[in-house]
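Residue-level structural notes
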Amino acid sequence: MAIYLHLFGRPRVDVDGAAADLPLERRHQLLAWLALKRGWVARSEAATLLWPDQPARLANANLRKTLFRLQSQPWAAAVDAQAHALNFTGGSDVADFEQALRDKRLADAARFEAHRFLEGYDEGGGDAWPAWLAFERARLTSAWRDAALELLASEMDAADALDLSARMLAADPSDEDALRAHMGWLASGGQVAAARRAFRDFDDRLRQEFGVAASAELRALHDSLGTPRVPEAAPARAPEDGFVGRSAELQAVTAAFAPGAGRLASLVGPGGAGKTRLARRVIAELAGNFEHGAAFVSLEEVTHPADVPVALVRQLDMGTAGAEPAEQLKAWLAERRMLLVLDNFEHLAPAAPLVGELLAAAPGLHVLVTSRMRLGLPGEALVAVHGLPCPDPEDRDRLESFDAVRLFVSAARRVDPAFVPNEVGSIIEICRHVDGLPLALELAAAWTRVLSCEAIAAELRGGTELLRASDAAHPARHASLDLVFEQSWAMLVTAEREALAALTVFRGGFAADAARGVAGVSLPVLAALVDKSLLRKDGRRLVMHPVVHQLAAQKLEPARRDTVEAAHAAFYCELVAQLRKPTELAEREALAALDADYENWTTAWYRAAHSAQLMLLVRATPTLRAYSDHRGSTREVCSLFEDALGANPAPAEPRFEPIVLGGLAHCLQRLDRFAESIAAAHRALQASRNVADPEARLRCLNTLGACSMRLAKMGEARRYYQMALKLAPSVPNPRYAAVLMQNLAQIEKRQDHAAEALRLLLGALERFREIGDHASQALCLYQLGSMQCDLGDLSAGVQSLRSALALCDSHGLNRTRGYVLTGLADAAIEMGDLDAARDYATQGLELARASGARLLESWMLLHHARLAVRGQDIAAARDELRTAVELTLQVGSPVAQVAAVICFGEVLAAQGVKDCAARVLELARGQGSASQQDRKQIDAIRTRWALPAPGPVPAMTLAELGHRIVGETPLAHAPLIADLRAQR
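Just so we're clear, the structure is a prediction, and the values are computed from it rather than from any experiment.

All right, on to the pattern of salt bridges then. All chains considered together, the criterion is met by 63 salt bridges. Across the salt bridge formed by Arg580 and Glu584, the nearest N and O atoms sit 3.1 Å from each other. Separated by 4 residues within a single helix, Arg580 and Glu584 lie in helix H26 (residues 580-584), roughly one turn from each other. Look at Arg580 and you get buried, because its relative accessible area is 19%. Here Glu756 ties to Arg759 by a salt bridge, and the two come within 2.7 Å at their closest N and O atoms. Here Glu756 pairs with Arg759, and both are found in helix H36 (residues 754-771), just 3 residues apart, close to one helical turn.

What follows is the structure in structure tokens.
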């Protein structure tokens, strides 16, 4: 029986070619949701979505009733039901749409109507269904829009292009990109009048519905219809000079005025970006290229657009303005070949046509405009002027190479000639806080005469009060950043003001669909804010300058703030939840999406946690666990879980503790905080007794097994893993069984059952490949490669490790990459390639420190110690060893302590204390946590250094020996050596 769901538009189903409508009912909602999931999903997730306000027991009972009623329909055959999971096996138009996107079949994808997803299903009962539907509809619409725009930008049939762009405008009448494409295709087909009419209708609609005009870019397209475009010249290379920064902008202006290019360029950016100063620099560099030089005209004092011609006549020393100053200007400029700079044009936008008239009348005229918004004239070259480049915290050793720092230091020395930039961290923070905005840097630097840089940075964190001028060097309009912002605010219409204030709930930028979904901001309003330099486009995202963000946030009314922040929390927590499956499989696009919105979803998490929106946190937790594993951000995600649990000590949602506390246990285990992890996992297990969620129990058991294995309690680890394996069939996620096989393989390896370990690993690897789990493949290949090396097959082992490294690099799997580098370093040492081993160990050490993986850091330090021994630098080897042993003592891992003692034995042997080396190695050999591979390594060291037969094993524990290794490093362990010899 062939069953196919149509979810775009009014939902309906085809059963063997016979169609039937699907009116809004719970069973049909369930069917549509399962079709969108396309895979096994937990019953509890469906119950929570459809009955969010009911206790889990009642919600699950309602789900069973709904499934029973569904059985009466012929399409029920497409729903597989197990005790704890559900799966839809039929086809759907959404599945076909998303497959077409993956295959880059844009024409196939564009034929769907994604904006009509589940039309008529909006009122689903409760808050969870409408929120989920709104999110999915926005996601699918955004994907369809991107595909349609990409298709429209390619070569295609004109009639098809017009039909597609018209459908885009029908879906969203305020979509400027769609109108731009529609106008372009109309004009290319000779329908210029129709294109102009489409613009006018669009502009009228925006003014009536939103109170804003079409963007300057769109108006420029309208004005240029029928006129050939001027080709852009290749940028000319501008020489570096003593001007603080702006070499790229100077280069862009030079290119804009190059022979064969245009004659109009605009320096566009927010107030305080340094546009005026840059324009004066352009005059200094380019005036010599013009027969009649250059002129700078300030329009700051001009209050009305009609007064611009008079101001130009006066400032150009043309004498008294006549009856027609505009005509007087044209006649005067027509006789000259010169550069004219018009400074501060933003409040005189209606006078922009005058600039076009002057250019038309004077063929030798070139005009450079500074403004917070573009003129929107044909042929206008835009040069964005934003903040100066700022250093990252890791750039402490090369501050002087960053323009923001150079400007700050220069400004500080104007008020304090003795200023020394030695507060490096604070200077970096100041530059980054103001995002390199020149005016803000200078205003902050003025305070160095009375405050330290650390104090200035602290003040900036608290607000903008500090950013006020304290000398007469700045003009009145730049007396403070507050005043600069108020000038921009005054030029906004009501819709733009409301939007800008609401957009301050975002952190670190946002996409246009998020602005619409969270704050209800339309594309035309976003475009208007970009045009007015209050938002900046960065790829597909929009960014607000931090100072603008801080000041605009003060304009947001408290009631409106509460509403928008709640919407922000719901939007991004839902986004995280929807990315669960691709994140667990380490799909690049999903991880990149989470990277891009890291600040937004962490902020959303905190907002949800402190407003008791617990189901948002429950749904987002599995994705964050996987993300933290792949990206090495375990400490950050761990703090999110701890904050949520602390803010909700008595949660009303029964699934909150099993899921979020289980997530915390997982992160604590990754951070080698085993005792805390075990306690959290047991608490989560206890809480899971109140909910029917086998997946939560499985995850906790897996965490307990991992902790036990790291603590060399192999029996306990095996028991926990086997308990988890019994639960795996009841969990609708096929990767769990493979993960548990993989973990059991590590136990078999530690217990010297190589054949069984290999069998389990290869079986797990095959399953991971079947389901497309890139992250688990990489980890499995690392474990396989390490085992192959241990068994003496270095060639096969290195090949497996390199395959694992390729997956890590391709998908950004930072945590696993660290382990792979450990294996490659081991193999390189065995093969005698010490340079390669040193490189691998250094990379791995950087990753370990960045992610807080203390055991990995200790292993990498042990590699450095072994390499120092091979290089006969015994002092360096002791130093590396001391730090490694400190870490193993903090973590309390017997496995790591054995590895550290083996390394100490090798250091003693290299030091010439061979009798003590033999006894220390024998102490390591006798530990229950020592593996067969550890014993092989001990034998290899004994052979390499020709050690004597060991005497009595030292009468001390590994921890006691470790403390002495750390404490006696400055003494080259002389007291310890004496005690070891005295024990013979």
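Moving on from the coordinates now.
Take a probe with the size of a water molecule and roll it over the atoms, and the empty space left behind shows itself. Applying the stated rule across the entire model yields 5 cavities of 30 Å³ or more. Considering the residues around the largest cavity, the lining is formed by 15 residues, among which Pro270, Gly271, Val484, Phe485 and Val548 are closest to the centre. For the lining of the largest cavity, the secondary structure elements donating two or more residues are helix H20 (481-490) and helix H24 (546-553). The residue makeup of the lining of the largest cavity, split by class, is 9 nonpolar, 4 polar and 2 charged.

Where helix H13 (residues 308-315) meets helix H14 (residues 325-334), the closest approach of the two axes is 8 Å, and the angle between their N-to-C directions is 45°. Judged by the angle between their axes, H13 and H14 are oblique. The handedness of the crossing between H13 and H14 is left-handed. Along the contact surface, H13 presents Pro309, Val310, Leu312 and Val313, while H14 presents Pro325, Ala326, Gln328 and Leu329.

All right, on to helix H42 (residues 874-891) then. Helix length check: H42, at 18 residues, gives a terminal C-alpha distance of 26 Å against a target of 26 Å (1.5 Å per residue), a fit within 8%. Burial in H42 covers these residues: Ile874, Ala877, Arg878, Leu881, Ala884, Val885, Leu887, Thr888 and Val891. Each element contacted by the buried residues of H42 is listed here: helix H32 (674-688), helix H41 (854-870), helix H43 (894-911) and helix H46 (958-967). Two residues or fewer past H42, Gly892 is found with a positive phi of approximately 75°.

This part covers the pairing of strand S1 (residues 3-6). As defined by bridge partners, S1 adjoins strand S2 (residues 12-15) across 4 bridges and the pair is classed as antiparallel. Bridge pairing in S2 places Leu5 opposite Val13. Hairpin connection from S1 to S2: 5 residues lie between these consecutive antiparallel strands, with Gly9 at a positive phi of about 95°. As defined by bridge partners, S1 adjoins strand S7 (residues 91-92) across 2 bridges and the pair is classed as parallel. Residue pairing in the sheet places Tyr4 in a bridge with Gly91 of S7.

If you trace the 3 strands from one edge of the open sheet to the other, you get S13-S15-S14, paired in antiparallel fashion. Only two strands of the sheet have a single neighbouring strand rather than two, namely strand S13 (510-511) and strand S14 (536-538). With 2 bridges joining them, S13 and strand S15 (residues 541-543) adopt antiparallel strand pairing. Considered in S15, the bridge of Ala511 is made with Arg541.

So, on to helix H31 (residues 656-670). For H31, which comprises 15 residues, the first-to-last C-alpha distance of 21 Å matches the rise-based estimate of 21 Å (1.5 Å per residue) to within 8%. The element H31 is largely enclosed, with a buried count of 13 among its 15 residues.

Okay, the sheet that holds strand S6 (residues 85-88) next. Spatially, the 3 strands line up as an open sheet ordered S4-S6-S5, and their pairing is antiparallel. In this open sheet, the two strands that pair with only one neighbour each are strand S4 (41-42) and strand S5 (79-81). Two strands pair when backbone bridges link them, and S5 and S6 are joined in this way by 3 bridges, in the antiparallel orientation. Following the sheet pairing, Asp80 is matched in S6 by Asn87.

Right, let's get into the UniProt feature "repeat: TPR" (unreviewed entry) in the chain. According to UniProt, the feature "repeat: TPR" (unreviewed entry) maps to residues 698-731 in the numbering used here. Split by type, residues 698-731 is 79% helix and 0% strand. Its first and last C-alpha atoms lie 9 Å apart.

Along the chain, Val493 falls in the loop between H20 and helix H21 (494-502). For Val493, a relative accessible area of 30% puts it in the partly exposed group. Considered as a pair, Val493 and Gly211 are 282 residues apart in the sequence and their alpha carbons are 6.8 Å apart. Setting aside chain neighbours within four positions, we find Val493 in contact with Gly211 and Val212.

A few words now on the state of the cysteines. Using the criterion set out here, one finds 0 disulfides in the structure. Looking at the unpaired Cys390, the closest cysteine sulfur is the one in Cys431, lying at 5.4 Å. Given a relative accessible area of 18%, Cys390 falls into the buried group. Looking at the unpaired Cys573, the closest cysteine sulfur is the one in Cys667, lying at 16 Å. On the accessibility criterion, Cys573 (3% relative accessible area) is buried.

Tallied over the full model, the rule gives 17 aromatic pairs. Considering the side-chain rings of Phe408 and Phe419, the 6.2 Å spacing of their centres and the 75° angle between planes classify their relative orientation as edge-to-face. Residue Phe408 is located in helix H16 (residues 403-415), and its partner Phe419 is located in the loop between H16 and helix H17 (424-433); the two are separated by 11 residues in the primary sequence. Per residue, the accessibility class of Phe408 equals that of Phe419, and both read buried. Each ring, one from Phe571 and one from Tyr572, has its centre 5.0 Å from the other, and the planes form 75°; the classification is edge-to-face. Grouping residues by exposure puts Phe571 and Tyr572 together as buried. Among the aromatic residues, those joined into a cluster by ring pairs are Phe8, Phe97, Phe112, Phe117, Trp129 and Trp132. The positively charged end of Arg280 is found above the aromatic ring belonging to Phe296, 3.8 Å away from the centroid.

Thresholds, definitions, all that
Residues numbered from 1 in each chain as written. Predicted model: local features only at pLDDT ≥ 70, side-chain atom pairs only at ≥ 80, totals over all residues. Heavy atoms only, no water. Salt bridge = Lys/Arg side-chain N within 4 Å of Asp/Glu carboxyl O. Helix = DSSP H or I, 4+ residues; strand = E, 2+ residues; numbered from the N terminus. Buried < 20%, exposed > 50% of the residue type's maximum accessible area, 1.4 Å probe, protein only. 1 Å grid on protein atoms, 1.4 Å probe; cavity = no way out; pocket = protein on both sides within 12 Å on 5 of 7 lines; lining within 4 Å. Points joined across faces, edges and corners; volume = space filled by probe spheres on them. Nonpolar A, V, L, I, M, F, W, Y, C, P; charged D, E, K, R; others polar. Axes fitted to C-alpha atoms, helices over the stretch in contact; angles between N-to-C directions. Parallel < 35°, antiparallel > 145°, perpendicular 65-115°, else oblique. Left-handed = near helix turned anticlockwise from the far one by under 90°. Contact = heavy atoms within 4.5 Å. Expected span 1.5 Å × (residues − 1). Pairing = 2+ DSSP bridges. UniProt positions renumbered as here; feature names shortened; annotations may be inferred. Disulfide = S-S within 2.5 Å. Phe/Tyr/Trp six-rings, centres within 6.5 Å; stacked < 30°, edge-to-face > 60°. Lys NZ or Arg CZ within 6 Å of the ring centre and 35° of its normal.

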